[in-house]
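Per-entry structural report
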Amino acid sequence: MKHLKLLGTTALAAIIGFSPAMAQVAELGTPEGKLNIVAWPGYIERGETMAEFDWVTSFEESTGCMVQVKSANTSDEMVALMNEGGFDLVTASGDASLRLVAGQRVQPINLSLIPSWDTVDDRLKEAPWYVVDGVHYGVPYQWGPNVLMYNTDVFGDSPPNSWDVVFAEMDLPDGQTNKGRVQAYDGPIHIADAAQYLMYHSPELGITSPYELNQAQYDAALDLLRVQRTLTARYWHDAFIQMDDFRNEGMAASGTWPFQVNLLQGDGVPVASVIPQEGATGWADTTMMHVNAENTTCAYLWIEHSLSSNLQADLSVWFGANPVVPAACTDGRGMQTAEGCTKNGFDDFDRIRFWTTPVSSCESQDECVPYYRWVSDYIGVIGGR
Amino acid sequence: MTLAADLTPREAKPNGAVLPSRGLGDRVSAVFWRHPNVLLVTLLALPLLWLVVVYLGSLAALLLQSFYSIDEFSGMIRREFTLSTYAELLRPANMDIIIRTVSMSAAVTLGAVIIAFPIAYFAARYARGHWKALFYLGVMLPLWSSYLVKVYAWKLILAREGIITWVTDGIGASAVLNGILALPVIGGSSLSTSYIGTWLVFLYVWLPYMILPMQASLERVPQSMLEASADLGASRWQTLRTVIFPLALPGIIAGSIFTFSLTMGDYIIPQIVGSSRRFIGQAVYQLQGTAGNIPLAAAFAVVPIVIMLIYLTIARRKGAFDAL
């Protein structure tokens, strides 16, 4: 039912336009002593998984705000938890953030209360997935690309320069076909990867955003994915299963997150990653504050902490992501280094198209294919239709 | 009631026996004693509430959702009665999912019957004492370890660089394995990405649910009937076919209900081992998620219920529930 309501409010807000900004916090009081955050697994670490990855303890010591984390595995779970209430902050991805704004579950952020706002990456300061009508409904938290991972034993000295290797049948540098040796993400959002490939290779289709496809563009993307089905033995869903497939199934190439690349390289598996000439899709997460947040002072202090402490640097190492504060790559506040940021795709921002939920009323054209059809059609494509 | 009537005049007598004053517990139990139905309702209220509200209520909510539809343009749910969502199930891609799931359930059930029968027969007819205990332990042991651990372990066993490939290479039988993997539809690039692999893992995970009821029904086949069969000149094969099998059939059907329905509802095994082609459980999981297409997810969820109802009706006619 929550889902129904959510869909209802989202659509309603889309129709009548977003409502005017609600009141924001004017000044900070005394810290409330606690803070409740909804986050992706691994996003808020207090040194319990690995001792050196800890960006909570120092915050608790300096502010007295005890942090409670509720992990959510999907954007839907996040939205559902925020609808239930009882939380102060959420680390929302691009598909959840606008839904939360439209559903009036989050409040505008008073940027003047966040001293480190100026250090935030200029490329993210006005990003459309959390800034609506000029109002900031959050502060960027972390971002990353979906890279092309390949087996260095197979590709040798000639790393792939195009997503071709996962979209078209070909012989790889080791002389064998790529059939049965490539993988693709099993989430319907992978249709956007196909659309981005077409954007580059079939300009006559006129795709301007891989998330805004009309019927003809959408059909072309599905046709491309049908070819991919014949090459793909198994689609990946779980990061650890994909890593196992690169170890034991002789996989040669696949779209993936830097997270898997880093872990596999750490284990000595011969893999590397590139962002090919067509560019890549990616994710960008935002810290957003619940409209009825009880611990507003602690929440503001946390947002400041998320930008100014070791969090940005260490989280980007931990997750294979990129800091939203460029200085975190170089100033030694954490474990991240300039090389590490480059490896995680920091310099490729402009070539990354960040994930947003496809909706039927899109900006670039009259009407786009909405996400629920992406889901059912992608199920069909994987099923061989 | 007569006893109660007896008591009243005696209590009324001033010089009668001195009875202890009746406490709350006495009075409550007296009410229960006089009105047995009150006791019945009190005891049954909670479990009934659970059954009706939690079980049937959620099922009804599910059923209701499946009669709604999703608006083609806005993606919003139209809360009006319609059968269009069920019509959507008939689309080729969705029919594929249903046929795929039912075929896999049937194949797993058939495989389980064939493998479980000799095991159950041995356990029921020949195993004694320690051997019997060992048998139960052997069958139950896999059930005690985590389902996910078993499935991941199987993924490793079946992998292209796993132990099966290693063994077949070692004994020079890789041509056989490649021949099997080259089969259309059920083959694939390795065992762990083919239907054969999915089938093997399903078979392993659900096998105990087939063996146990089968063994229970085989144990109930009277020895005297087997002797009579032998006296009348039946060969061992004839006895098996015409005496043991029909008498064990209820147990086999009971086991098949487990393997069939468990396979039909599972969404984890086909995600870890297989070619990523969706099964009903996976489709439901995905459609109710970000897609927000709850009507279609609900309609999909109704499919196994309908199939199982048909299956159970047939099973009941065959007397399967006598063996449970």
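Note that the structure is a prediction, hence the values are computed from the model and not measured.

Re the overall build of chain B
Within chain B one finds 15 helices and 2 strands. For a compact globule of 324 residues, the expected C-alpha radius of gyration is about 20 Å, and chain B comes in at 28 Å, more than 25% above that figure. Dimensions of chain B, computed from C-alpha atoms along their principal axes, come out at roughly 105 × 75 × 40 Å. For chain B, buried positions account for 33% of its 324 residues.

What about the overall build of chain A?
Looking only at helices and strands, chain A features 14 helices and 13 strands. Relative to its length of 385 residues, chain A is compact, with a C-alpha radius of gyration of 21 Å against a globular reference of 21 Å. With respect to the three principal axes, the spread of C-alpha positions in chain A is 65 × 50 × 35 Å. Put simply, chain A has 385 residues, and 52% of those count as buried.

A word on the interface of chain B and chain A
Each side of the interface is counted separately: chain B has 36 residues, and chain A has 32 residues. Those elements that provide at least two residues to the side of chain B that touches chain A are α5 (92-125), α7 (147-158), α13 (269-272) and α14 (280-288) of chain B. Per-element accounting of the side of chain B that touches chain A gives the leading share, 4 residues, to α5(B). When grouped by side-chain class, the residues that make up the side of chain B that touches chain A number 14 nonpolar, 16 polar and 6 charged.

Thoughts on helix α6 (residues 130-144) of chain B
All names here are of chain B. For α6, which comprises 15 residues, the first-to-last C-alpha distance of 20 Å matches the rise-based estimate of 21 Å (1.5 Å per residue) to within 8%. The sharpest bend along α6 measures roughly 25° and falls at G138, with the proline P142 sitting one to four residues further on. Along α6, only 1 of the 15 residues are buried, which leaves the element largely exposed.

A look at the domain arrangement of chain A
Residue and element names in this part refer to chain A. Taken domain by domain, chain A consists of domain 1 (2-144 + 283-354) and domain 2 (145-281 + 358-382). In this structure, domain 1 and domain 2 have C-alpha centres spaced 28 Å apart. Each side of the interface is counted separately: domain 1 has 11 residues, and domain 2 has 15 residues.

As for the environment of S29(B)
You can see S29(B) is positioned in helix α2 (residues 24-34). Spatially, the C-alpha atom of S29(B) lies 9.0 Å from that of L39(B), the residues being 10 residues apart in sequence.

A few points about the pairing of strand β2 (residues 66-71) of chain A
Across 6 bridges, the pairing between strand β1 (residues 34-39) of chain A and β2(A) is parallel. In the sheet register, I37(A) faces β2(A), and the bridge partner there is V69(A).

Topic: the nonpolar core
In this structure, A221(A) and F300(B) are the most contacted members of the largest nonpolar core, which totals 174 residues. Here this core takes 16 residues from helix α10 (residues 195-219) of chain B, the largest share from any one element. Look past the residues within four positions of A221(A) in its chain and what remains in contact with it is I191(A), A194(A), A195(A), L198(A) and L213(A).

What about the sheet that holds strand β10 (residues 253-256) of chain A?
Note on sheets: strands pair through backbone hydrogen bonds, and any given pair is parallel or antiparallel. Residues and elements named next belong to chain A. Reading across from one edge, β9-β10-β8-β11 is the order of the 4 strands in this open sheet, with mixed pairing throughout. Two strands in the sheet have a free side with no partner beyond their single neighbour: β9 (182-183) and β11 (271-274). In this sheet, β10 lies alongside strand β8 (residues 147-151) in antiparallel orientation, the contact comprising 4 bridges. Paired with L148 across the strands is G255, a residue of β10. Where helix α10 (residues 258-266) meets the sheet, its contacts fall on β8, β10 and β11, and the angle it forms with β11 comes to roughly 150°.

Some words on the domain arrangement of chain B
Under the domain assignment, chain B is made up of domain 1 (24-52) and domain 2 (92-323). Computed over C-alpha atoms, the centres of domain 1 of chain B and domain 2 of chain B are 44 Å apart.

Side note on the packing of helix α8 (residues 163-170) of chain B against helix α9 (residues 174-181) of chain B
All names here are of chain B. Direction vectors running N to C along α8 and α9 enclose 130°, while the axes themselves pass 7 Å from each other. Of the possible angle classes, the one that applies to α8 and α9 is oblique. Contact residues: T165, T168 and D169 in α8; S174, V176 and L177 in α9. In the contact of α8 with α9, the residues fall into 2 nonpolar, 3 polar and 1 charged.

Here we look at the pairing of strand β12 (residues 280-290) of chain A
Residue and element names in this part refer to chain A. Among the 11 residues of β12, 11 are classified as buried, and the element is accordingly described as predominantly covered. In this sheet, β12 lies alongside strand β3 (residues 89-92) in antiparallel orientation, the contact comprising 4 bridges. Across the sheet, the residue bridging to L89 is M289, located in β12. In this sheet, β12 lies alongside strand β4 (residues 106-107) in antiparallel orientation, the contact comprising 2 bridges. From the neighbouring strand, V106 faces β12, where its bridge partner is H290. Sheet topology note: the strand β7 (residues 139-145)/β12 ladder contains 6 bridges and is antiparallel. Each bridged residue has a counterpart across the sheet, and for G144 the counterpart in β12 is W283.

Calculation notes
- Residues numbered from 1 in each chain as written.
- Chains lettered and ligands numbered in written order.
- Predicted model: local features only at pLDDT ≥ 70, side-chain atom pairs only at ≥ 80, totals over all residues.
- Helix = DSSP H or I, 4+ residues; strand = E, 2+ residues; numbered from the N terminus.
- Rg over C-alpha atoms; globule rule 2.2 N^0.38 Å.
- Buried ≥ 20, exposed ≤ 12 C-beta atoms within 10 Å, placed from the backbone.
- Contact = placed C-beta atoms within 7 Å.
- Nonpolar A, V, L, I, M, F, W, Y, C, P; charged D, E, K, R; others polar.
- Expected span 1.5 Å × (residues − 1).
- Bend = angle between axes of the 7 residues up to and from the residue.
- Domains from an automatic or database assignment.
- Pairing = 2+ DSSP bridges.
- Core = buried A, V, L, I, M, F, W, Y, C linked by C-beta atoms within 7 Å.
- Axes fitted to C-alpha atoms, helices over the stretch in contact; angles between N-to-C directions.
- Parallel < 35°, antiparallel > 145°, perpendicular 65-115°, else oblique.

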